[in-house]
Amino acid sequence: MSNTIYPSVWCNNNASEMAEYYAGIFPDTKITDSNAVVVMLEISGQKLMLLNGGDMFRPNPSISLMYLTTSQGEVESLYSKLIENGKALMPLDGYPFSPKYGWVEDRYGVSWQLYTGQAEHIIQKVVPTLMFAGRNNGKAEEAVGFYTSLFVDSQPRGMLRYSGAEGETPGNIQHGEFMLNGYLLMIMDSSYPHAFGFTEGLSLVVLCDDQEEIDRHWFGLIANGGEESMCGWLKDRYGVSWQIVPSMLDKLMAESPRVTEELMKMRKLDIRKLQEAAGVRQ
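Values in this document were obtained by computation on a predicted structure and should not be read as measured data. (Residues numbered from 1 in each chain as written. Predicted model: local features only at pLDDT ≥ 70, side-chain atom pairs only at ≥ 80, totals over all residues. Heavy atoms only, no water.)

Enquirer: Residues and numbers for the overall build of the chain, please.
Expert: Helix and strand counts for the chain come out as seven helices and 16 strands. Based on the C-alpha atoms only, the size of the chain along its principal axes is roughly 60 × 40 × 35 Å. In the chain, which comprises 282 residues, the share counted as buried stands at 51%. Within the chain, residue pairs in contact and separated by at least 24 positions form 61% of the contacts whose partners lie at least 6 positions apart. (Helix = DSSP H or I, 4+ residues; strand = E, 2+ residues; numbered from the N terminus. Buried < 20%, exposed > 50% of the residue type's maximum accessible area, 1.4 Å probe, protein only. Contact = heavy atoms within 4.5 Å.)

Below is the structure:
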């Protein structure tokens, strides 16, 4: 599976606490790196970044993390732990699409969809799932085409459409899957009047090997309505937040504090300038 794309949760200066909490709940989960700014987790070998950003942004159900397992008991156990000081978004139950499923917002505001499925259908343990609601409702299929046009080793994997019997717009996407750089994401439309939308609270990190890759993803994602931010962050035309960063960034930042100082001045990241700040010879 790809580790060049992974989700990042904006934390209210409690990333270490959150990391310990998740490592104590999810099977095969460990903390792989930790500093004052970022704590990195791996859940079944997949990266999850917890970023100490303060109280500016919070995660919400517009991007949830789908946790897939073959065990109904595992879903029940995880649900019972995550619901403590959290809240149910869909109750733990059997559904036509899964014999045991629940959607829960944990005590930190992170939304988890806990899904029981068949082993042959689980190609990734944790899958970021984008909900296209409000002004974005009905654009999920368009977004899949947009994203897969920008990333290599990318393709749509299938779209299940609403029939209209669900109270949703017929033809909109009930559940869709697509691959970016070999990494699985899911997507859906929702016409319900949700009081949330995409924010920096949960973003997608893209690790890039060189400047050409950074430039291609940066300019591609901000095209036709996107928005540049600072330090490698951007919002695409739908409002989804991305962090476009060089894969060598951690190594460079360890070389010199000047790298962080230089990074803070940038919008799109410039590998050459970061290397110069680190004292790395070109």
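Enquirer: Before we move on, could you go through the side chain of Ser64 and cite the residues and values that matter?
Expert: Structurally, Ser64 can be placed in strand β5 (residues 63–69). Classification of Ser64 by relative accessible area gives buried; the value is 1%. If sequence neighbours within four positions are ignored, Ser64 has contacts with Trp103, Ser111, Gln113, Val127, Pro128 and Thr129.

Enquirer: How would you sum up the pattern of salt bridges? Please name residues and give values.
Expert: As a working rule, side chains carrying opposite charge can pair if their charged atoms are close by. According to the stated counting rule, one finds nine salt bridges in the structure shown. Here Arg216 and Glu212 are joined by a salt bridge, their closest N and O atoms 3.2 Å apart. One end of the pair is Arg216 and the other is Glu212, both in helix α4 (residues 211–222) and four residues apart, which spans about a single turn. Measuring nitrogen to oxygen at the nearest pair gives 2.9 Å for the salt bridge that ties Lys268 to Asp215. Remark: Asp215 occurs in helix α4 and Lys268 occurs in the loop between α6 (257–263) and α7 (271–278); sequence separation between them is 53 residues. Overall, Lys268 belongs to the partly exposed group, its relative accessible area being 26%. (Salt bridge = Lys/Arg side-chain N within 4 Å of Asp/Glu carboxyl O.)

Enquirer: Residues and numbers for the nonpolar core, please.
Expert: Ranked by internal contacts, the top residues of the largest apolar core, which has 58 residues, are Tyr22, Leu50, Trp112, Tyr147 and Trp242. Once you skip the residues sitting within four places of it in the chain, Leu50 turns out to touch Val9, Cys11, Ala15, Met18, Ala19, Tyr22, Val37, Val38, Val39 and Leu41. Residues Met40, Leu252, Leu274 and Ala277 belong to the second largest nonpolar core, which totals 20 residues. (Core = buried A, V, L, I, M, F, W, Y, C linked by side-chain atoms within 4.5 Å.)

Enquirer: Talk me through unusual backbone geometry; I want residue IDs and the actual numbers.
Expert: Positive phi is not limited to glycine here, since Asn85 has a value of about 60°. Position of Asn85 relative to the elements: it lies in the loop between α2 (72–82) and β6 (87–95). Judged by relative accessible area, which is 66%, Asn85 ranks as exposed. In this structure, Asn181 is a non-glycine residue whose phi angle is positive, near 50°.

Enquirer: Describe the sheet that holds strand β2 (residues 29–34), with residues and values.
Expert: The strand order β2-β3-β4-β1-β13-β16-β15-β14 describes an open sheet built from eight strands, whose pairing is mixed. Sheet topology places β2 and β14 (227–228) at the edges, where each strand pairs with a single neighbour. Here β14 runs beside strand β15 (residues 233–235); their pairing, made up of two bridges, is antiparallel. Looking at the pairing, Glu227 lines up with Lys235 of β15. (Pairing = 2+ DSSP bridges.)

Enquirer: Account for the sheet that holds β6, naming residues and giving values.
Expert: If you walk across this open sheet you meet the eight strands as β6-β7-β8-β5-β9-β12-β11-β10, and the pairing is mixed. Because the sheet does not close on itself, it has two edges, and the strands there are β6 and β10 (155–161). If you compare each strand with its neighbour and ignore which way they point, the axes differ by 20° on average. As paired strands, β5 and strand β9 (residues 126–132) are joined by five bridges and run antiparallel to one another. Bridge assignment links Ser64 to a residue of β9, and that residue is Thr129. Where helix α3 (residues 140–150) meets the sheet, its contacts fall on β9, β10, β11 (173–180) and β12 (183–189), and the angle it forms with β11 comes to roughly 5°. (Axes fitted to C-alpha atoms, helices over the stretch in contact; angles between N-to-C directions.)

Enquirer: Talk me through the packing of α3 against α4; I want residue IDs and the actual numbers.
Expert: It is at 10 Å that the axes of α3 and α4 come closest, and there the two elements cross at 160°. On the basis of their axis angle, the class for α3 and α4 is roughly antiparallel. As for the relative orientation of α3 and α4, their crossing is right-handed in sense. Facing Phe146, Tyr147 and Leu150 of α3, the residues of α4 in contact are Arg216, His217, Gly220 and Leu221. Of the residues that constitute the contact of α3 with α4, the class distribution is four nonpolar, two polar and one charged. (Parallel < 35°, antiparallel > 145°, perpendicular 65-115°, else oblique. Left-handed = near helix turned anticlockwise from the far one by under 90°. Nonpolar A, V, L, I, M, F, W, Y, C, P; charged D, E, K, R; others polar.)

These figures come from the coordinates and say nothing about function on their own.
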